[in-house]
Each structure stands twice: as structure tokens, then as C-alpha cells.
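Below are the chains, spelled out letter by letter.
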Number of protein chains: 2
Amino acid sequence: MTVEETLKPLFEEINRLKPKFIQRLADAVAIPSVSGDESLRPEVFKMSQFLKSELESLGASDIQLKPLGIQPPPVVDPKLELPPIVLARFGSDPKKKTLLIYGHYDVQPALIEDGWNTDPFKLIEVNDKLYGRGSTDDKGPVIGWLNSIEAHKNLGIELPVNLVCCFEGMEESGSIGLDELVAAEANAYFKGVDTVCISDNYWLGTKKPVLTYGLRGCNYYQVSIKGPGADLHSGIFGGVIHEPMTDLFNIMSTMVDTSGKILIPGVNEMVAPVTEKEAKLYENIEFDVDELNLASGSNTAIYQTKKDILMHRWRYPSLSIHGIEGAFYGGGAKTVIPAKVIGKFSIRTVPDMDSKTLDKLVIDFLNEKFKALGSPNTCVVELIHDGAYWVSDPYNDSFEAAKKATKLVWNVDPDLTREGGSIPITLTFEEQLKTNVLLLPMGKGDDGAHSINEKIDVANYIEGVKTLSAYLHYYGA
Amino acid sequence: MTVEETLKPLFEEINRLKPKFIQRLADAVAIPSVSGDESLRPEVFKMSQFLKSELESLGASDIQLKPLGIQPPPVVDPKLELPPIVLARFGSDPKKKTLLIYGHYDVQPALIEDGWNTDPFKLIEVNDKLYGRGSTDDKGPVIGWLNSIEAHKNLGIELPVNLVCCFEGMEESGSIGLDELVAAEANAYFKGVDTVCISDNYWLGTKKPVLTYGLRGCNYYQVSIKGPGADLHSGIFGGVIHEPMTDLFNIMSTMVDTSGKILIPGVNEMVAPVTEKEAKLYENIEFDVDELNLASGSNTAIYQTKKDILMHRWRYPSLSIHGIEGAFYGGGAKTVIPAKVIGKFSIRTVPDMDSKTLDKLVIDFLNEKFKALGSPNTCVVELIHDGAYWVSDPYNDSFEAAKKATKLVWNVDPDLTREGGSIPITLTFEEQLKTNVLLLPMGKGDDGAHSINEKIDVANYIEGVKTLSAYLHYYGA
């Protein structure tokens, strides 16, 4: 029997189960599992129990709710327990390949007062869209996997792969404890995993499905300039002391120009050249400058062509100045000379930039600029965190399987995309499990994850379950 | 009888009354008349009643508590009444000169938790210093005038001038309503005023009394740069849109160098040249770079000589960058591209800078710099408030009288100082009453007005009463 022959009744079953699938997502959305709100921590635990009971009823084996201990500071409650990581297994046939699926069951905060049209924790269908917090990020995809398993179970179709589930409850709050758990279970619960599939990002736009094979990294820096012992009055001290803010503006203005060109020597030189194969990938991608302008709410695009925009979002570095800690930030006027100011900026990193070399280039550059000022203030430039970029081979078995699945379900070849932001867990899995990772998004680019009125289209949810299912079968074949 | 002969018994009476004078100040400090704390507004009113009753017992005529109406927003209580301005008169002899004395009876906030060693609203004497909120700013000087009147009254010595008192209760909160009242009473209650004496600033240091004849003005500007419709994620938009923060740093870094030199063409050219007479004033002033370093809590002085430092504080302009509204300002890392950022800076102004010309130079300069960037963001540069500089002739009758008074009491010629900050009411009196103003401080440079552990030295308080008294007699003579 061909994969397509197996999938035909499965897809019909998925169509038939549509009301049940929507109800399952509604049940999940109804639990306000906001990891960033300590007062809602019991709801995050409740959500882990919900998954446990769903996994049990679907016949999972070895279900474990891995405790992660006490949440480290800053917290209000010093005894605040981290929500567990939910592990479960479907099958352990040594003849089958083993796929790890990752998703998260916590959500971003949401209050109707923020501007939601409806109760964020009540899934509501309007014009074939399912509105509710977590509908697309990331309860939709997590429940999507469960839905696929249910359809298999109903029809007595064996899963074509061994499936290892890893669902976390702190993704929206820094994935505290996940790295350690993945490391600890690499040769235990996760032993034998052949590949990892993460469904926690989005289509580039709203029309065409995508597979994602790259993410930029991010090195975040701060420049601390310190002068007086305390904030001073500009009437009394203006003109007679070296002001930290003057120095900060002077040196931080030299790093990047209005068109986003990084002016720190050596940084752009580390960027991998565009290969012919890579350049070709951009040709068919559905995107244009209007989409960028719509998303930014302005006409401030630096580039006007699809290729330029996407390359600068995905495969070239960028430098953004985020703000200043320690200076006046309120409305109105305050005549303060801030005593210590900390400028914050970050550089999005791409292949083949070496993170440590970048740090040295940035820190040396700013120290040189500061030295040239001849100021008696002190200046300290530091990296405050870094996360590496990630690029996968979009022609490996897992990607090829996902391409076939997408083509079958959506009747179109998926765009192969990268993202400008980072999903740190991608790299964790790749490094710890020594395997490759596929990012297979379910929702659309306009779903509004993290925003008000978050939604997933009914079509994306249901066809998404089919896509995940087909991916399992093509990959297992 | 010479002035000195008249003053001799008066000074003895002041010495004799010292315990009573300290008690009177203690009674005033015990009323927490914090104008910036709405919940304490009844205490500010109570303080105005305290003054009224003191003035009555001293024989003042025409005592008026001028209501100023409802405090304009922002306020919590929309019906919050402004504290009244207390007016009173001692004498109206057309043959005598008329002196207006100004002071304020409200104080800065103070909580023992802020770090006070003792209850801020209980005057306490430690090592010949009187600690308590308002002791030096400005209840000490206000009560000082009353003390002088009491000493005169006790001895049956006629006041050598007609005295008009103007005590306000909103000085620490922007002097709301004062300008209007001064304007309204210029030809009524204040008709015939020959000169104004304000005791609401401080000696330059701690050793030598001063008279103050100049203040810098302040023009406060903001640069608003707007791009995207909302704050954006730097992962997704970094490198593909023109970032407002990049533009803001680029243009705001061009205004001033680390040594405080204003780089906006035309600004320094407006500054009045130093005359020989003015230069001489700096020679005897007690001050050095160590005092500046002590005050700034650092060794970040731009100039090392007394003359350079004081000239740049008092008679040259300065430009300070205060902060940014709309950008990230917290601790840690946030990868935001702020959509609209508002840079705040101000220029301290001096003779002969023309305020409107300055505005034009600043606004045109920044607009040019922004235009040169070629950014599609929008940039608006605006003045948000201005206050003019003030310089008096330190050789007029009032200053000469104050010099003699200081010399008699302190046995030293006072330093003639200016200040880098502004006291807007100085200019209001000068302009509205068409008269000159003398700033005659009572407290020392280390009194800590606005800080914790505010104090006035017993010597400054008591010798200050003598100085005010002697000033009245020399001026009246």
C-alpha cells in the first residue's frame, strides 16, 4: 500500500473528527496556562494534567511529568514550582525510525482589557477562524499531534514511526529547565531519536505553507558608562563635568547607519557568501514589500525587493539599539544628568559569524571609540547573552518528507524559509541529540501569536493535522 | 545714630531670643507641608494658618491668604485646592522704601525610610546643626524674617523699610498660580515695591557667605522620531526597516562633545564676552575643583581651575542629554525595536543668548542632520519649555546694602555668585514689578535641600537673622 493510499482514509477520519478536534482545542484554551503569571501557575500544572489524561486515553506509554524544581529568582513566591515537562511515548519498534515532537502547553498572558474582541480563554469560531490565547501558539499544534494519533487509533492504523512527545510549560518564560532536561534525557528517554520536529512557528505569509530551515542567532550587549556618584542636576553640573549620556550617544551612534549597515569593521566580513543554490530558494517564495509594510505598520522598509528583504531578515546580520537603562524615560521634562547609563543593543547573527570573534570585534570597537573621546568616565562593554544561529539542510529526509506531506495536503510546494528571530530550543535538540531538526509550522503569518485576538484558521488547524500525519508516514516510509 | 549703633542692641536681642527662634522653626518644621503629596495638602493649609497667626502676633497689617483656586491636572483629587499665597504688610510710610520679601512655606517630600537619621518633621539639634525638612529650604529663611521683626518689636525699634511679605505654598511643585498672582497684584498689593529680596538659595560652599546676582535659563527640547506603527521584534524586523533608535542616536550624538562643547553652529557665538569687571569677580571667590569633585562624587570635572569651572557653570551655556521616552529602559535584555522614541535634552542659557534664535538654531540643526540621513522615518524637534536667564547688577543699592550687612555680621566680604540652575520666580518679580531682585541666601552649600538629612547650621540661622536685619537697615538708610 502506498503512503497516499494509507493517508486517504486517515484524512477522511480527520475530516469526520473535526468537531471533536475543535472541542479538544477549546478544552485546552479554556485552561489559562500563562507561565509568566505566578498567580496562574496552578493552571499551567492543570494543563500538564490535561495533556497527561489525553495521552493516557490515546494509549501513550511511559508518560512522565518531569518535575523541574523551584523556579529561580526573580520570583514573588520563593517556593514557586516550575511546571513539569510532559514526556510520552507511542511505540518503541526498533525497526521504525523514532521522531521526537516538541511543543509547549503554556501561553502568553492575555486580558480582555488588552483589546481582545472576545474572552481570550474561550475558543470562539468566527469566519472559519478559531480565536483564543494559545490557539496557534502553541496549543493548536500540540493538540494537532494528539488529533493525528486519535485518527490513527480510530482506524487501527499503526503509527509509521516511534513517537516521543516532549511538551514543556515554560516556553513563554525562557524555557527554564528545558536545556538541562534535554541534556539529561539525551541518552535516556530520548535515546534513539532519529529526528526532531517542532511545530511552533508560522507561515511567512497567509497563502502558502512553509518549512523553516534557519534561524538567526542573537548576541545582546550592554555599554555601561559611569561618571558621577549619583544623578546630578543639569543646572548645577551642566558644562562642568563629563556627562555619561554624551559619551554614550557619541559611541553608540557609530555602530550602525540608518540603512542598517553595521559599521563595526570585520562583522560583515564574517558573513557566508550567498551560494547559487541558496539564491534560487528565494525565487518562488511568496512575499513582497507590501507585506513587510503591512506588518511594520509603516513605509519604512530599507529594501524594496522580496529577495533583498528576506535575505536581510534571514541571512544577513542586523544591529538594533533597544534602549538605555538609568536615564530619564518618562513623559515631560526632567533636567537630570544621569550618573550611570547602560545602553542596550543586540546583533542578530548568521552563518558563518563566530560568536566569540563577534564579541571581541564589538567590544574592542566600542572601547576604542570611547578611548578616543578622552573622557574620564568609565566604560564597560559586555555581552549579556548570546544564542547561536541555526541552519539546517532543507534537503534531508525529514524536510523531504515534510515537502511531500505539504504538497499532498495543500497541493503546493512549500516555501523554504528561515526566520530572523531565534527559537533556542531548536539548537538544544540538535546539539544534545546529535540529530537534525525540522520546523513545520501549522499557523499563518497573521495569527497574532503574542498579540491580542490570537487565532488559528480552521483550515490550518485541520489541514495541519493532515500535514503532520502525512509527514509521519512519508518520514516513516 | 548710625546703622551699626541701631543694630548693636538688635543683634543682642537676636542672641537672647535664640531659643525662641529655634522653637519657632521647630514649630514650622513639625507641620509636614509637602506640596507634592496630595494627602498632605491639609498640612500645607495648616502651615499658611501658622504663618498668619505668627504675622498677626507680630503686628502685621492687611494679612491676606490669597486663594489660588483648584489645582489643574494631573491630580488625583479633581477638587484639590491650591494652598494660598500669604501676603502681609509691615508699615506703609511713604517716606520709607518698600521691600518685598519672598519665601515659600511648602517643602519637599521626606520619609524616614528614605534614609533620614531622624524624624524629618521633628527639628533636632546635633552638633550645632538643626536637622529637619524645610530647615533650610525654605522655612528657615521665612521664619528668619519673622524673627527679625520680633527682635525689632521687642526693642521698639521701627522697621527702616516698609515690608511686604509674599510667602507661597507651591514652590516645590512648580509655583502654580504665583505668576498670575504677582501679575495681578503688581499694581495693587505690590504697588510701590522698590526692590525684592529672596532668601531661597545657598552659599556656594560652606565657609563664605554669598550674594547671588545671576541664574542660567533653560530651554528644554525633545526630538521625536517615529517609524513603525507599533514596537517590533528585532529578530523579524532588524535589518529590513529603518529603526527610529538608530536615527535618534545618529542625530543626537552630533550636538555636543564629551567636553561639553556645544557643536550646534551659532549657539556659542551668542554668548556675551567676559568683561574685565566680571572676570575680577571670580578672583576672590572661595571654590576649587575638589569641591566640585566632592559634589559630583567623582573625578569627572572638565575644568580644573576655579575660574573655568564657575564660568562654565554660571555664564556659559551647556547642553545635557537627559534620556529617551519610548525606548526600553528596564534591567536585563529586551529585543525590541521601539516604534516611536523621544530624545530629551536641554540647553542652559546665558546672556546674551536670544531664546527664539536658539530654538531656531537647534531645531534647524537637528532637522538638517535628520534630513542628511535620508531616513523615511519622521522627525519632529520641539521646544517643550523655556525659562529665561537672569542677571542683575551686583552693585545696585540692594546688593550694596547686603554686602555691608554680610560684612558686619560675618566679618568678610560676601562672594558674588551666580547659579547654574534657574529660580523662575526671580524673573517674574523683576519683570512684573519692574524692579531689581537680590538673592540673599541664609544656608550653606552642604545643607542638603531636597535631600535626606536636610539641615541648617545654628550659626547660619541666627547670624542669618542678623544679616537680614542689617540688610533692612542698610537698605533703608
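Rules used in this analysis
- Residues numbered from 1 in each chain as written.
- Chains lettered and ligands numbered in written order.
- Predicted model: local features only at pLDDT ≥ 70, side-chain atom pairs only at ≥ 80, totals over all residues.
- Heavy atoms only, no water.
- Core = buried A, V, L, I, M, F, W, Y, C linked by side-chain atoms within 4.5 Å.
- Buried < 20%, exposed > 50% of the residue type's maximum accessible area, 1.4 Å probe, protein only.
- Helix = DSSP H or I, 4+ residues; strand = E, 2+ residues; numbered from the N terminus.
- Contact = heavy atoms within 4.5 Å.
- Pairing = 2+ DSSP bridges.
- Axes fitted to C-alpha atoms, helices over the stretch in contact; angles between N-to-C directions.
- Least-squares fit on C-alpha atoms with pLDDT ≥ 70 in both.
- Salt bridge = Lys/Arg side-chain N within 4 Å of Asp/Glu carboxyl O.

Going by what an unreviewed UniProt entry lists, chain A is known as Cys-Gly metallodipeptidase DUG1 and is assigned to [Candida] arabinofermentans NRRL YB-2248.

S.K.: Hey, could you run me through the nonpolar core in this one?
M.R.: Soluble globular proteins tend to bury their nonpolar side chains together. Grouped together as the largest cluster of nonpolar side chains are 65 residues, with contacts concentrated most on Tyr461(A) and Tyr471(A). By residue number, the principal contributor to this core is helix α14 (residues 458-476) of chain A, which donates ten residues. Tyr471(A) has contacts with Leu99(A), Trp145(A), Thr195(A), Cys197(A), Ser398(A), Ala401(A), Ala402(A), Ala405(A), Leu438(A) and Leu440(A), leaving out every residue within four places of it along the chain. By size, the runner-up hydrophobic cluster in this structure holds 64 residues, among which are Ile14(B), Cys197(B), Ala405(B) and Tyr474(B).

S.K.: Hey, could you run me through the sheet that holds strand β18 (residues 455-457) of chain B in this one?
M.R.: In any sheet, the strands associate via hydrogen bonds between backbone groups, in a parallel or an antiparallel arrangement. Residues and elements named next belong to chain B. Strand order in the open sheet formed by three strands is β4-β5-β18, with antiparallel pairing between adjacent strands. In this open sheet, the two edge strands, each paired with only one partner strand, are β4 (124-126) and β18. Here the strands of the sheet are splayed against their neighbours by 30 degrees on average, with no regard to which way each runs. With three bridges joining them, β4 and strand β5 (residues 129-131) adopt antiparallel strand pairing. Across the sheet, residue Ile 124 finds its bridge partner in β5, namely Tyr 131.

S.K.: Help me understand the relation of the copies chain A and chain B, please; the structure alone is not making it clear to me.
M.R.: Relating the two copies of this chain is a rotation about some axis coupled with a shift parallel to it. Overlaying chain A on chain B yields an RMSD of 0.2 Å, the required transformation being a rotation through 180 degrees with an accompanying axial translation of 0.2 Å. In the structure described here, the two chain copies are related by an operation that fits a two-fold rotation axis. Distance from the rotation axis, computed per C-alpha, reaches its smallest value in chain A at Phe249(A): 2.9 Å. Same-surface contact between copies: 100% of interface residues of chain A are shared with the interface of chain B.

S.K.: Would you mind showing me how to read the pattern of salt bridges here?
M.R.: Think of it this way: side chains of opposite charge can pair up when their charged atoms draw near. All names here are of chain A. As enumerated under the stated definition, the model contains 44 salt bridges over all chains in all. Across the pair Arg 133 and Glu 454 runs a salt bridge whose closest N-O atoms are separated by 2.6 Å. One end of the pair, Arg 133, is in the loop between β5 (129-131) and α4 (139-155); the other, Glu 454, is in the loop between β17 (436-439) and β18 (455-457), and 321 residues separate them in sequence. Each member of the pair, Arg 133 as well as Glu 454, carries the same accessibility label: buried.

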